[in-house]
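# Fold and contact review
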Amino acid sequence: MKVLLFSTLYPSAVRPIHGIFVETRLRELLQTGEVQAKVVAPVPWFPFKAQRFGEYAQFAATPRQDQRNGVEVHHPRYLLLPKVGMNLAPYAMALGALPTIRRLQRQGFDFDLIDAHYYYPDGVAAGLLARWLGKPFVVTARGTDLNLIAQYPFPRKRILQTAGQASASIGVCQALMDTLGELGADRAKLHTLRNGVDLQRFVPEDRTEARQRLGLPVDGRYLLSVGHLIERKGHHVAIEALLHLPGVTLLIAGAGPQEGALKALAQRLGVAERVHWAGVVPQTELKWWYSAADALALCSSREGWANVLLEAMACGTPVIATNIWGTPEVVGKPAAGVLMARRDAPALAAAWMQLHTQPPTRVETRAHAQTFSWDATTQGQLQLFRRVVDAAV
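Thresholds applied
- Residues numbered from 1 in each chain as written.
- Predicted model: local features only at pLDDT ≥ 70, side-chain atom pairs only at ≥ 80, totals over all residues.
- Heavy atoms only, no water.
- Buried < 20%, exposed > 50% of the residue type's maximum accessible area, 1.4 Å probe, protein only.
- Helix = DSSP H or I, 4+ residues; strand = E, 2+ residues; numbered from the N terminus.
- Pairing = 2+ DSSP bridges.
- Right-handed = clockwise from strand over helix to strand, strands pointing away.
- Core = buried A, V, L, I, M, F, W, Y, C linked by side-chain atoms within 4.5 Å.
- Contact = heavy atoms within 4.5 Å.
- Domains from an automatic or database assignment.
- Polar contact = N/O pair within 3.5 Å; in protein donor to acceptor, adjacent residues only side chain to side chain.
- Nonpolar A, V, L, I, M, F, W, Y, C, P; charged D, E, K, R; others polar.
- Salt bridge = Lys/Arg side-chain N within 4 Å of Asp/Glu carboxyl O.
- Phe/Tyr/Trp six-rings, centres within 6.5 Å; stacked < 30°, edge-to-face > 60°.
- Lys NZ or Arg CZ within 6 Å of the ring centre and 35° of its normal.

### So, the pairing of strand S12 (residues 248-253)
- With respect to burial, S12 is a largely interior element, 5 of its 6 residues being buried.
- Here 6 bridges tie strand S11 (residues 221-226) to S12, and the two strands are oriented parallel to one another. By the bridge assignment, Val226 is partnered in S12 with Ala253.
- Summarising the sheet, S12 and strand S13 (residues 275-279) pair through 4 bridges and their orientation is parallel. Paired with Ile252 across the two strands is Trp277, which belongs to S13.
- Each parallel crossover has a hand, and the one from S12 via helix H10 (residues 259-269) to S13 is right-handed.

Here it is, written out as structure tokens:
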């Protein structure tokens, strides 16, 4: 079976961890030996590569074609206009990608279906391409595409039209499929295939060794916060919680536009000496940070299915997380960690105290993560794709 993966959420040489969860799901699927795949991951057109242009410079620097882990990845450009960009993006994205996809077909990659990720604009664009090319397609919802973007009338209309046209919709948690059903999509076409965790990459390392490797005092108490430095991820909540957690050091792994504001917040609160900034940590090194921490904090305001939760647990580290969307499906047992009562600093501090009143063992936490291997998701994906392709013949 030949699959064309279509999504702006895919890593590149310039943004190596962007959409890593989409790449991981494809990698697990390819390991079955039953699928061939190529990736079309459009990026907005921008003319300048100078660093002062921030994320837009990264768009400009993205190679037109790349190879990642043996997979051929193409990055066609599309025009993303300010202000009106949200409504026009699906059409611009589809038109920008169409020549690349037709060239792949001429070169012999006549794929059987389109596997799109992120419902708007990516999934809607995939629906347009599927209609133009006469191919079936499926769309995977990932979080903000349904719990935020679908709040706007025009995107919501196009999302529902696309859900009706698609052979199937996939949610990385049941909560997302419940939302799509409540919006009006045909529930018979909705499927939940949860993200798994790479149990070979994320393994418990000796805590003392991990702290020494990272240059941290061995006897400290550490709370880890991982993710892009934006408001939605809630790093500010973790910083504010230090006022209620004497003796605890916060480790922050990530980069983003709020870095300056977060550092200023730590200074203003007088806790800057207890915040360690790790910057962007490669996936291959994250296990050392998870293993060094006493707990992971995820204070997000929105998450579909947060991979960092399972990654931390696979390393034997329990989590503290906001009670939103798919998170209760992950943090469903005491061995996993604690859900916060609210998204604020006192609630995070209270969850820390609760967790350490009767902490799970690292073996128990790892065992919980092992129930989320990729095997079930991969097999479910294969079965669904086969049904879609057979029905299209």
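### Structural notes on the nonpolar core
- Of all hydrophobic cores here, the largest spans 101 residues; its most connected members are Phe6, Tyr10, Ile114, Leu129, Tyr290, Leu296 and Leu309.
- It is helix H4 (residues 119-133) that contributes the most residues to this core, 9 residues altogether.
- Those residues in contact with Leu129 that lie beyond four places of it in its chain are Phe6, Ala94, Ala97, Leu98, Ile101 and Ile114.
- Residues Leu223, Leu229, Val275 and Ala297 belong to the second largest nonpolar core, which totals 29 residues.

### Things to note about the environment of Val330
- Position of Val330 relative to the elements: it lies in helix H13 (residues 327-330).
- With residues up to four places along the chain from it excluded, the contact list for Val330 reads Trp305, Leu309, Leu310, Met313, Ala336, His368 and Phe372.

### Notes on unusual backbone geometry
- Put simply, Tyr120 and Pro121 share a cis peptide bond, and its omega is 5 degrees.
- Along the chain, Pro121 turns up in helix H4.
- Phi is positive for Asn69, close to 55 degrees, though the residue is something other than glycine.
- Within the secondary structure, Asn69 is located in the loop between strand S4 (65-68) and strand S5 (71-74).
- The backbone of Tyr118 shows a phi angle near 85 degrees, a positive value even though the residue is not glycine.
- Accessibility expressed as a relative area gives 15% for Tyr118, which makes it buried.

### Some details on the domain arrangement of the chain
- When its domains are assigned, the chain resolves into domain 1 (2-196 + 373-391) and domain 2 (207-371).
- Put simply, the middle of domain 1 and the middle of domain 2, counted by C-alpha atoms, are 29 Å apart.
- Contacts between domain 1 and domain 2 engage 18 residues on the former and 15 residues on the latter.
- Inspection of the region where domain 1 meets domain 2 yields 5 residue pairs in polar contact (both at pLDDT 80 or more).
- Secondary-structure elements contributing two or more residues to the side of domain 1 that touches domain 2 are helix H1 (20-30), helix H5 (144-147) and helix H7 (174-183).
- Top contributing element to the side of domain 1 that touches domain 2 by residue count: H7, with 4 residues.
- Looking at the side of domain 1 that touches domain 2, its residues break down into 8 nonpolar, 8 polar and 2 charged.

### Things to note about the pattern of salt bridges
- Counted under the stated rule, the structure contains 16 salt bridges.
- Two residues, Glu329 and Arg194, come together in a salt bridge whose shortest N-O distance is 2.9 Å. Here Arg194 lies in the loop between strand S10 (190-192) and helix H8 (207-213) and Glu329 lies in helix H13, a separation of 135 residues in the sequence.
- Owing to a relative accessible area of 23%, Glu329 belongs among the partly exposed residues under this scheme.
- Taking the relative accessible area as the measure of exposure, Arg194 reaches 34% and is therefore partly exposed.
- A salt bridge links Asp344 to Arg342; its shortest N-O distance comes to 2.8 Å.
- Taking the relative accessible area as the measure of exposure, Arg342 reaches 46% and is therefore partly exposed.
- The structure contains a network of salt bridges with shared partners spanning Arg27, Glu28 and Asp198.

### Observations regarding the packing of aromatic side chains
- With the rule as written, the count across this model stands at 8 aromatic pairs.
- Ring geometry for Phe46 and Tyr56: centres 5.3 Å apart, planes at 45 degrees, overall tilted. Of this pair, Phe46 sits in the loop between strand S3 (43-44) and helix H2 (55-61) while Tyr56 sits in helix H2, and the two are 10 residues apart along the sequence.
- In this structure Phe46 comes out as partly exposed when scored by relative accessible area, which is 21%.
- Under the relative-accessibility criterion, Tyr56 is labelled partly exposed at 43%.
- For the pair Phe202 and Tyr290, a centre-to-centre distance of 6.0 Å together with 65 degrees between the ring planes defines the contact as edge-to-face. Pair noted here: Phe202 is in the loop between S10 and H8 and Tyr290 is in helix H11 (residues 286-292), with a separation of 88 residues, a long-range link. In terms of burial, Phe202 and Tyr290 fall into one category: buried.
- A connected cluster of aromatic rings, assembled from ring pairs, spans Phe46, Phe48, Phe53, Tyr56 and Phe59.
- Sitting above the plane of the Phe111 ring, Lys135 keeps its charged end 5.3 Å from the centroid.
- We note Lys263 situated over the ring of Trp277; from NZ or CZ to the ring centre the distance is 5.5 Å.

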